[in-house]
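The residues making up each chain are set out below.
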Amino acid sequence: MVKYFTEVEISLHKNPEDCWVSIFENVYNLSELIKENRGILAHPLINAAGTSISHWFNEKTGDVKTYIDPVRNIEMPYTPYGRFIHVPPEDPLDMVEAVAFPWWKDRRYIIGKLTKKTLKVRITNMLTRKERIIQVCQEETISEIKNRYMEYNLNSNSYTWKALINGEFVTLQLNKTLEDNGITDDTEHFVDLGMDEDFNIPSIYIYYNDDLNYA
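Keep in mind the model is a prediction, meaning the values are calculated, not measured.

(A) Spotlight on the confidence of the model for the chain. Put simply, the chain has an average pLDDT of 90, and 89% of its residues get 70 or more. Across residues 211–215 the pLDDT falls below 50, and counting only partners more than four positions away or on other chains, this stretch makes 8 contacts in the model.

Written as structure tokens, this is what we have:
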């Protein structure tokens, strides 16, 4: 199953020992790569930790962007932030062993996908009457949202999850996304109207079940 991440989640991993980056739709954990390749070539990646480095790459080829050296009239890697791990040196005569399979094409470093859109969801516990607004990925199922909510309620699997749809409280299908369950995101409409996007956060209501082993 594909794991999705928000930009905020990626931004938390921003040091040499815990280095994540995103390239287009993929999220990479480069911590081990940097550990194994300490040195000046790791600096650009460390400096970019926690961010998207999609602008370093050609979206069509998936490789590092290139340019034509005006002096030598040869194609060279375009690395304005400095040459980084697995990028060949500018001088073809440099005795550096070429890497046939660079890290950005190595699926071992890919840990998931960057969400196309981060959504806010208001979850109301009908037992305690407490509300919690959390950020989720557009692509996540209700089951995956429940896993996120466990940070605030370890017994989230002991609740039935419902939403008010067309004037009726409906039990949500755990293997479907918010949208597939009929919960729409109207944020853009409110923004277009000049209203606060938090004015109409989608709501989920959770009802406690007597059986704590309920899933």
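(B) View of the nonpolar core. Ranked by internal contacts, the top residues of the largest apolar core, which has 22 residues, are Leu-30, Leu-45 and Trp-103. Breaking this core down by element, the ones donating at least two residues are strand S3 (18–23) and helix H2 (31–36). Residue contacts for Leu-45: discarding those within four places in its chain leaves Cys-19, Leu-30, Leu-33, Ile-34, Ile-53, Trp-56, Phe-84, Ile-85 and Trp-103. Membership of the second largest hydrophobic core comes to 17 residues, among which are Leu-119, Ile-142, Ile-165 and Leu-178.

(C) Spotlight on the pattern of salt bridges. In the structure shown here, the tally under the stated rule is 8 salt bridges. Taking the shortest distance from any N to any O, the salt bridge between Glu-17 and Arg-38 comes out at 3.2 Å. Of this pair, Glu-17 sits in the loop between strand S2 (14–15) and S3 while Arg-38 sits in the loop between H2 and helix H3 (43–47), and the two are 21 residues apart along the sequence. Across the pair, Arg-38 and Glu-17 agree in class, each one exposed.

What counts, and at which threshold
- Residues numbered from 1 in each chain as written.
- Predicted model: local features only at pLDDT ≥ 70, side-chain atom pairs only at ≥ 80, totals over all residues.
- Heavy atoms only, no water.
- pLDDT = per-residue confidence, 0-100.
- Contact = heavy atoms within 4.5 Å.
- Core = buried A, V, L, I, M, F, W, Y, C linked by side-chain atoms within 4.5 Å.
- Buried < 20%, exposed > 50% of the residue type's maximum accessible area, 1.4 Å probe, protein only.
- Helix = DSSP H or I, 4+ residues; strand = E, 2+ residues; numbered from the N terminus.
- Salt bridge = Lys/Arg side-chain N within 4 Å of Asp/Glu carboxyl O.

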